[in-house]
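Fold and contact review
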Amino acid sequence: MAKVIGYVNLHSDVSLKGLTERRPLASVSFLGRYGIIDLVLSNFSNSNIDNVGVLIKEKPRSLFKHMANGNAWNFNSKNGGVQLLYDEKYAGNGMYNNDINNIIENIAFFETNKPDYVVVAPAHIINTMDFSELVEAHAASGNAVTIATQKVKNADEKWIGCDYVKLDSDTKLVTQLETNMGNAKNRMISLETYVFSAKAFATFLKNAEKVSPFYSIRDMLAYSLDERRIGIYEYKGYVRCINNYHAYFDVCLEFLNYEVSTQVFHTNWPIFTNTNDTPPTKYKEHASVRDSMIANGAVVNGTVEHSIIGRDVIVGEGAVIKNSIIFSGSVIDPGSVLENVIMDKHARVKNMKNLKGEVKEPLFIKEGDVV
Amino acid sequence: MGKELVAMILAGGRGSRLKELTAKVAKPAVHFGGKYRIIDFPLSNCANSGIDVVGVLTQYESVLLGEYVGAGTKWGLDGNNSLAAILPAREGADGANWYAGTADAIRQNIDFLDQYDPEYVLILSGDHIYKMDYAEMLAAHKEKNADLTVAVLNVSLKEASRFGIMNTNEDGSIYEFEEKPEKPKSTLASMGIYIFTYKELRKYLLADAKKADSKHDFGMNIIPDMLADNKRLYAYEFKGYWKDVGTVESLWQANMDLLDDKNTLDLYNTKKDWKIYGEDTLAKPQVLGVDAEISNSLVNQGCTVDGSVTGSVLSANVFVGKGAKVVDSVLLPGVLVEEGAEVYKAIVDENVTIKAGTKINEEQKDVALISNNSL
C-alpha cells in the first residue's frame, strides 16, 4: 500500500478582520463547535492518511490549544499523528514566511516518513474530499503533480483571489494557473489541494530554493507549468471558500440549510473535533429557537432565529438573536436584541441593548469585550 | 510506595427493574441526561477528587461497559501511574467464579488492590447520580481514625424504610446497621459509598469468604461483622443532590430533575470546579428547524428538531419531525419521532422509531417505557 503524508497548509489563509486578529483562520470557530481546520484534518483522517503536518504561518497559540495532542482527529497514535510545523524565524518576516520555506525548515517530517505521495490541502476551502481517491487518480495519471479543482459558474462573485487553471485541450494538462480577478463567470477553480509523487516533491523543493525563497507552492506550480506534467482532479462535492469576512458569515449561515448541511455531515465521514465536556444544550421556559444550530453547554432563555450559537453561550430571558453567529462562552444579557452580529468568544452584551449590523457587513464584537 | 487510595466501582449489576433498558447493557451504562451514562458520575467524581486508580468491576453484560470505560481516557484517568481498569468476573485455576456479592467482588480482586498496596479503598456503586468530593470523605475518615466510613444521606422518615439505615452516636460513630427497617430509629441512609482502611478490609473480606452462610455483601455481612468486633465505623453525611436510578420511574424523575433550575446537581458547572466527563459523540451540530418549538428541555448534539419539544431530555442523534410533539419525555440516542407523532411522559429506548401519527402514553398516568419490544 502506498504511503501518503499530508500537509495542512495555513500559509494560504486569508484575514477575516477581527476574527483573525489574534488567531489563524484555521482556529476560527465553525458552526458553534468546530474550528475551521477540523474539516481538512477530518478529511485526512477519514482518508486514512495518518501522518499530517500542519504548516503554521502565524499566531499559533489558539491553534496549539485546539490541537492539543491531536488525538481528537483519530489519527493512529503509534504510527502517525499530527505535527505542528512552525518556524519562529520566519514568523515576522513576510516574504520568507511561506509554505515552501516552512516545509524545508521542517524537512524531517517529509524525510523520516518516507512517503510515496504528498497531499497538501488548505483549511479555508471547505469540503469533504476523499484524498485517497485524489491520490489514486494522481497515481493512475503518471503526472508529477495533480491539482484538485472544481468547475464553478460564479467566479465573478465568489472565489475572488483564488486560483483558476486552464487546460490543454488534448493533453488535459494545466497550461495556466492564474489568480481569479472575477472577470469571468465560468472558471476551473483550483482548490489549492495538491498531490505530488514523493520524488517530484523533493525535486520541486530543491528547484524552489534555486528559483526564489519568496515563492510559495502555488507560485512554483505556476512557474513549472512548462517543464512538469501537472494535471487536475475534478472534485464534484460541496465546496466553499472562506476568503473574507463576508464569506465566513455566509458560509456558516448557509449550513442552516438542510440541503447544504447534509452534503457535509455524513455518518461515514465524521467531522472530528476536540471535546470540551460540556453538558447538553439547555432550553429554559422562555426559549424560542428555530432555524438555528446550537452547541452543547449553551443555556437559552430567549429567542434565536437563523443563527449559530456556540458552546456555553448564555442567552438571557427575552433576548432576541437573529441572523447572527455567537462564539463560545459569550453572554447575551436579558432583553438584548442582536441582528447581523458576529460575536467573538467570551464577550458580553450588557449595556448596549440594541446591536444591529448589516447583512452585508455584520457587526463584529471582539473577544472578551463587554459592550 | 503504595497509593494512598484506590477506588473500586461496583458495576456488575443488571438493574432488572429498568426492564428493557438493561436488556443488553449493565445498569451503569444506561444513558442519562442526554449525554451521559450513569457511570460517568462516579468516574468523574473520582477524577475530580484526585483519585487516579479506579477499578471497575463488571459482570452482567460487561462488553459495552468495558468498551465505554476503556483506559479511562474520557475522564482523564489515563496519565502516568493512573488508569481505569475493567475487572470482570474471571476464570482462574480453581474454575470460573462469578461475583457472588458486593464483598465477594472486591475479595476476588484483592490481587489487583495488592498491586497498588493502598492505605485506603473507596467502594462505589456505578448507578448513582451525584457530585461528591471523595477527598473530603477521606479526610473525615482519617480524622476519625476510622476503619470504615460510610457515606450517608439524611432522608425523610417515610423513605427511610427503603434504605439501609445507620444508627449513630452523637460523634457520628455507627453502633447499628439496619437494612430497610420497618420502624427506623434514624434517617441516615447508606449511599453504598464506603472508605475502608485497606488492611481491615482485606482481613474481613478473607474471613467472610470462608463463611458458607454469608451472602458476601457489605451491608448484610461485612458491616455487621465489623460492628460485632467493635471496629471504628463512622457515618459521613453527604449534603447535596443524590439519586439512585434503579427504576424506570426514578430514572425518568432524575432526568426531569435536570430541567429544574433549582436542582443542586449543578450539571452546568456554574461553580467551575466539577465537570462531569463522558463521551463526546461524533455527531453533527444540533439543528433546530424552521418549524421547531422548544422550551424547558435538554438537547444533545446531533439532534434535529423540527417539531415541538417541552419538558424533555433528548440524547445524541434524536430526530423530531415536523408537527411531532414530545412532552415530558426522555429520548435515548438515535430515537426517531416521525412527523406528527406524539410522545408523552415516556422513556424511549435507543434507536426506536415512533411512527407518524402514533400517540404514545396520552393519558400520562405512569411513565411509559417504549422499546422496540413494546411497540
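Residues numbered from 1 in each chain as written. Chains lettered and ligands numbered in written order. Predicted model: local features only at pLDDT ≥ 70, side-chain atom pairs only at ≥ 80, totals over all residues. Heavy atoms only, no water.

Focus: the packing of helix α7 (residues 198-209) of chain B against helix α8 (residues 218-228) of chain B
Residue and element names in this part refer to chain B. What counts is decided by this rule: Lines fitted to C-alpha atoms define the axes, with helix axes restricted to the stretch in contact, and inter-axis angles between N-to-C directions lie between 0 and 180 degrees. Runs of H or I in DSSP of at least four residues are treated as helices and runs of E of at least two as strands, each being numbered from the N terminus. For any pair of crossing helices, the crossing counts as left-handed if the nearer helix is rotated counterclockwise from the farther one by less than a right angle, and right-handed if it is rotated clockwise. Between two residues, a contact is recorded if the distance between any of their heavy atoms is within 4.5 Å. When residues are sorted by character, Ala, Val, Leu, Ile, Met, Phe, Trp, Tyr, Cys and Pro go into the nonpolar class, Asp, Glu, Lys and Arg into the charged class, and all the rest, Gly among them, into the polar class.
At their nearest, the axes of α7 and α8 sit 11 Å apart, and the two run at 115° to each other. Two packed elements cross with a definite hand, and for α7 against α8 that hand is right-handed. On the side of α7, the interface is formed by Glu200, Leu201, Tyr204, Leu205 and Asp208, while α8 contributes Phe218, Asn221, Ile222, Asp225 and Met226. Split by residue class, the contact of α7 with α8 holds six nonpolar, one polar and three charged.

Quick look at the side chain of Ser250(B)
Mapping Ser250(B) onto the fold places it in helix α9 (residues 248-257). Contacts of Ser250(B), omitting those with residues within four sequence positions, involve Lys243(B), Asp244(B) and Val245(B).

Quick notes on the packing of helix α7 (residues 198-211) of chain A against helix α8 (residues 217-224) of chain A
All names here are of chain A. Cut-off, in case you're wondering: When an angle is under 35 degrees it counts as roughly parallel; over 145 it counts as roughly antiparallel; between 65 and 115 it counts as roughly perpendicular; any other value is oblique.
At their nearest, the axes of α7 and α8 sit 11 Å apart, and the two run at 90° to each other. Relative to α8, the element α7 is oriented roughly perpendicular. Residues Phe204, Asn207, Ala208 and Val211 of α7 form the contact with α8, whose participating residues are Ile217, Met220, Leu221, Tyr223 and Ser224. For the contact of α7 with α8, the class distribution of residues is seven nonpolar, two polar and no charged.

Things to note about the UniProt feature "domain: Nucleotidyl transferase" (unreviewed entry) in chain B
Put simply, the rule is: UniProt positions are given in the numbering used here, feature names are shortened, and annotations may be inferred rather than shown by experiment.
Under the local residue numbering, the UniProt record ascribes the feature "domain: Nucleotidyl transferase" (unreviewed entry) to residues 7-260 of chain B. Measuring from the first to the last C-alpha atom of residues 7-260 of chain B gives 31 Å, for a span that is 30% helix and 28% strand.

Some details on the sheet that holds strand β27 (residues 354-356) of chain A
By definition, the strands of a sheet pair up through backbone hydrogen bonds, in either a parallel or an antiparallel sense. All names here are of chain A. Condition: Only strands joined by at least two bridges in the DSSP assignment are considered to pair.
In space, the five strands of this open sheet follow the order β15-β18-β21-β24-β27, with parallel pairing throughout. Each having just a single partner strand, β15 (288-290) and β27 make up the two edges of the open sheet. Going across the sheet, the axis of each strand differs from the next one's by a mean of 5°, ignoring polarity. Relative to strand β24 (residues 337-339), strand β21 (residues 320-322) is paired through three bridges, and the arrangement is parallel. Note that in β24 the partner of Ile321 across the bridge is Leu338.

Here's the deal with empty space enclosed by the protein
Convention followed: The pocket and cavity definitions rest on a 1 Å grid over protein atoms only: a 1.4 Å probe that fits but cannot leave marks a cavity, an open set with protein on both sides within 12 Å along at least five of seven lines marks a pocket, and residues lining either have an atom within 4 Å of a point. Grid points are joined across faces, edges and corners, and a volume is the space filled by probe spheres set on the points.
Inspection of every chain in the model, using the stated rule, returns three cavities of 30 Å³ or more. Looking at the largest cavity, it is lined by 13 residues, and the ones nearest its centre are Arg33(A), Thr278(A), Arg311(A), Asp280(B) and Gln301(B). Residues of the lining of the largest cavity, tallied by class, amount to one nonpolar, seven polar and five charged. In this structure, the second largest cavity encloses a volume near 50 Å³. As for the second largest cavity, its lining consists of Leu39(A), Val40(A), Asn43(A), Ala121(A), Pro122(A), Ala123(A), Ile125(A), Ile126(A), Asn127(A), Phe131(A) and Thr193(A). Within the residue set of the lining of the second largest cavity, elements represented by two or more residues are α1 (37-46), β6 (117-122) and β7 (125-127) of chain A.

A look at the interface of chain B and chain A
Counted only if it meets this: As a working definition, buried area equals the accessible area (1.4 Å probe) given up by two parts on being put together, with both sides summed. We define a salt bridge as a side-chain nitrogen of Lys or Arg found within 4 Å of a carboxyl oxygen belonging to Asp or Glu. What qualifies as a polar contact is a pair of N or O atoms within 3.5 Å, subject to a donor-acceptor requirement within protein and to the restriction that residues adjacent in sequence count only when both atoms come from side chains.
Residue-level contacts link 35 residues of chain B with 30 residues of chain A. For the pairing of chain B and chain A, the buried interface totals around 2600 Å² over both sides, and the portion due to carbon and sulfur atoms is 51%. Our count for the chain B to chain A interface comes out at two salt bridges. Of the charged contacts, one joins Lys282(A) and Asp261(B) as a salt bridge, the two residues approaching to 3.4 Å between their closest N and O atoms. Where chain B touches chain A, the interface holds 23 residue pairs in polar contact (both at pLDDT 80 or more). When residues of the side of chain B that touches chain A are traced back to their parent elements, those giving at least two are β16 (286-288), β17 (293-295) and β18 (297-299) of chain B. Residue composition of the side of chain B that touches chain A, by class: 17 nonpolar, eleven polar and seven charged. Both strand β16 (residues 292-294) of chain A and β16(B) contribute to a ladder of three bridges, which runs antiparallel. Directly across from Ser292(A), in β16(B), lies its bridge partner Leu288(B).

Description of the layout of surface pockets
Taken as a whole, the largest pocket holds about 1500 Å³ of empty space. What lines the largest pocket is a set of 45 residues, among which Lys27(B), Ser125(B), Asp127(B), His128(B) and Asp244(B) lie closest to the centre. Residue assignment for the lining of the largest pocket shows that the elements contributing at least two residues are α3 (102-107), β12 (174-179), β13 (188-197), α8, β15 (242-244) and α9 of chain B. In terms of residue count, the dominant contributor to the lining of the largest pocket is β13(B) (four residues). Split by residue class, the lining of the largest pocket holds 16 nonpolar, 17 polar and twelve charged. When its volume is computed, the second largest pocket comes out at roughly 1300 Å³. Thr278(A), Arg311(A), Asp312(A), Gly329(A) and His346(A) are, among the 47 residues lining the second largest pocket, the residues nearest its centre. Looking at the lining of the second largest pocket, the elements with two or more residues in it are β3 (34-35) and α2 (61-67) of chain A. In the lining of the second largest pocket, the residues fall into twelve nonpolar, 17 polar and 18 charged.

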